[in-house]
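# Summary of the model geometry
One-letter residues, chain by chain:
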Amino acid sequence: MGSGKGEEACSPSAAFFFLLAMVAGVGIQVTQKTLFQLKVEGRTGEIEPFTPKALTLLFMFCSMSLALPIHVFVNKESTGLTPKRVLMLGVPTVFDLITTALGTLTVQFLPLSTNSLLRGSVTIFVAIQKHFVLKDRLSSANWVGIGLISCAVLIVGVVGIVTSDNTSAGGTQTALLGVVLAFLSTFVASFQFVVQEKLMSELDTPPLVLCGCMGLAGVVLTLCVVYPAYCHRPVDDHGRLED
């Protein structure tokens, strides 16, 4: 992005995949919201809320890791990965892990419609980092667009907090926490996108290979770091963050 080649034209295929990603993103949020509203039989035999905080992370990273065999099948070539290359390509996973964890919490505190609109703030943070970090200067029209998006996101956030007494069980404080978590999630996500851009350009990495390496690193981090932490932190779910 910082090579000075200018903006590439948006081809029909690029537009299609962009729209597909938007639809898939909404579907993921709906699925998460639905999961956290389910009731299941717990280990005590009683009906309890189903709160799969880490399980959704594990499923996501397992799905991402499938990109590696897909790359090999589609391109009829090996990934050309070395241990050092895998470690470097796994760096964005740390940001992805934090982003997804914050996003999972956000859907519990905000209505799905508000949360989906607040996720648009990632455009603002990515544009700022594109301009100041990647040195890919934005045009005046770009800044006007960022300003309009900022106003829209702020309006959504304020309305979500003001009307929280009618839409959120926890009231204004819960809605405010949800809005803060939503912004934190998109802020961290912007770092992830910048790192991904640098890795794909400097290491000449195909997108599927990057996605697969992030998935593998995410599975390792979830099983070796997230789950042990969740199982040994004394809170409400039978003494654990997730049981």
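Residues numbered from 1 in each chain as written. Predicted model: local features only at pLDDT ≥ 70, side-chain atom pairs only at ≥ 80, totals over all residues. Heavy atoms only, no water.

### Some thoughts on helix H7 (residues 122–132)
Every α-helical turn comprises 3.6 residues, leaving residues that sit three or four positions apart pointing alike. Short version of the rule: Burial here depends on accessible area, computed with a 1.4 Å probe over protein chains only, as a share of the maximum for the residue type. Under 20% is buried, over 50% is exposed, and the range in between is partly exposed. Strands here are runs of E lasting at least two residues and helices are runs of H or I lasting at least four, both read from the DSSP assignment and numbered beginning at the N terminus. In what follows, residue pairs with any heavy atoms lying within 4.5 Å of each other are defined as contacts.
Every buried residue of H7 is accounted for by Val122, Ile124, Ala127, Gln129, Lys130 and His131. Packed against the buried residues of H7 are helix H8 (140–162) and helix H10 (171–202).

### Structural notes on a nonpolar patch on the surface
Stated formally: Patch members must show over 30% relative accessible area and no salt bridge, and they are joined within 9 Å when carrying like charges or within 5 Å when they are nonpolar side chains of Val, Leu, Ile, Met, Phe, Trp or Tyr. For the area figures, the Shrake-Rupley method with a 1.4 Å probe applies, and any residue is considered shielded solely by the protein chains shown. Salt bridges are counted wherever a side-chain nitrogen of Lys or Arg sits within 4 Å of a carboxyl oxygen of Asp or Glu.
A surface patch of nonpolar side chains, about 480 Å² in accessible area, is lined by Leu66, Ile70, Phe73, Val74 and Leu208. Here Leu208 is to be found in helix H11 (residues 207–231).

### A short note on the pattern of salt bridges
A pair can form between side chains of opposite charge whenever their charged atoms are brought close. Applying the stated rule across the entire model yields two salt bridges. The partner of Asp136 in a salt bridge is Lys130, and the shortest N-O contact between them spans 4.0 Å. By relative accessible area, Lys130 is classed as buried at 10%. The partner of Lys198 in a salt bridge is Glu202, with the nearest N and O atoms 3.0 Å apart. With Lys198 and Glu202 both in helix H10 and four residues apart, the pair spans about one turn of that helix. With relative accessibility at 58%, the residue Glu202 sits in the exposed group.

### Structural notes on the confidence of the model for the protein
We count it as follows: Residue-level confidence of the predictor, termed pLDDT, takes values from 0 up to 100.
Confidence in the prediction for the protein averages 83 pLDDT; 88% of positions are at 70 or higher. No element of the protein has a lower mean pLDDT than helix H9 (residues 164–167), at 63, and none a higher one than H8, at 92. Confidence drops under pLDDT 50 across residues 1–6; counting only partners more than four residues distant or on other chains, this segment forms six contacts.

### Let's talk about the nonpolar core
Put simply, the rule is: Take the buried Ala, Val, Leu, Ile, Met, Phe, Trp, Tyr and Cys residues and link them wherever side-chain atoms come within 4.5 Å; each set so joined is a nonpolar core.
By size, the foremost hydrophobic cluster in this structure holds 17 residues, and its most contacted members are Ala54, Phe61, Leu89, Leu97, Val209, Leu210 and Val226. Elements supplying a minimum of two residues to this core: helix H2 (53–65) and H11. Ranked by residues supplied to this core, first place goes to H11 with eight residues. Once residues within four sequence positions are removed from consideration, Val209 is found in contact with Leu68, His71, Thr79, Leu81 and Leu89. One finds Leu118, Leu138, Val153 and Val179 within the second-largest nonpolar core, a separate group that totals 11 residues.

### Points about the packing of aromatic side chains
For any pair of aromatic rings, the description rests on two quantities: the centre-to-centre distance and the angle between the ring planes. This is how the line gets drawn: Classification of ring pairs rests on two measures: the distance between centres of Phe, Tyr or Trp rings, Trp counted by its six-membered ring, which must be within 6.5 Å, and the angle between planes, read as stacked under 30 degrees, edge-to-face over 60 and tilted in between.
Under the criterion given, the structure shown has four aromatic pairs. Look at Phe16 and Phe17: their rings are 5.3 Å apart centre to centre, the planes differ by 70 degrees, and that puts the pair in the edge-to-face class. Judged by relative accessible area, Phe17 falls into the exposed class, the value being 53%. Their ring planes at 80 degrees and their centres at 5.3 Å tell us that Phe125 and Phe187 sit as a pair that is edge-to-face.

### Some remarks on unusual backbone geometry
Residues apart from glycine generally show negative phi values, whereas peptide bonds are mostly found in trans. Residue Lys135 is not a glycine yet carries a positive backbone phi of 60 degrees. Looking at the secondary structure, you find Lys135 in the loop between H7 and H8. Lys135 sits in the exposed class, given a relative accessible area of 51%. Of note in the backbone geometry, Asp204 takes a positive phi value of approximately 50 degrees without being a glycine. Mapping Asp204 onto the fold places it in the loop between H10 and H11. For Asp204, a relative accessible area of 65% puts it in the exposed group.

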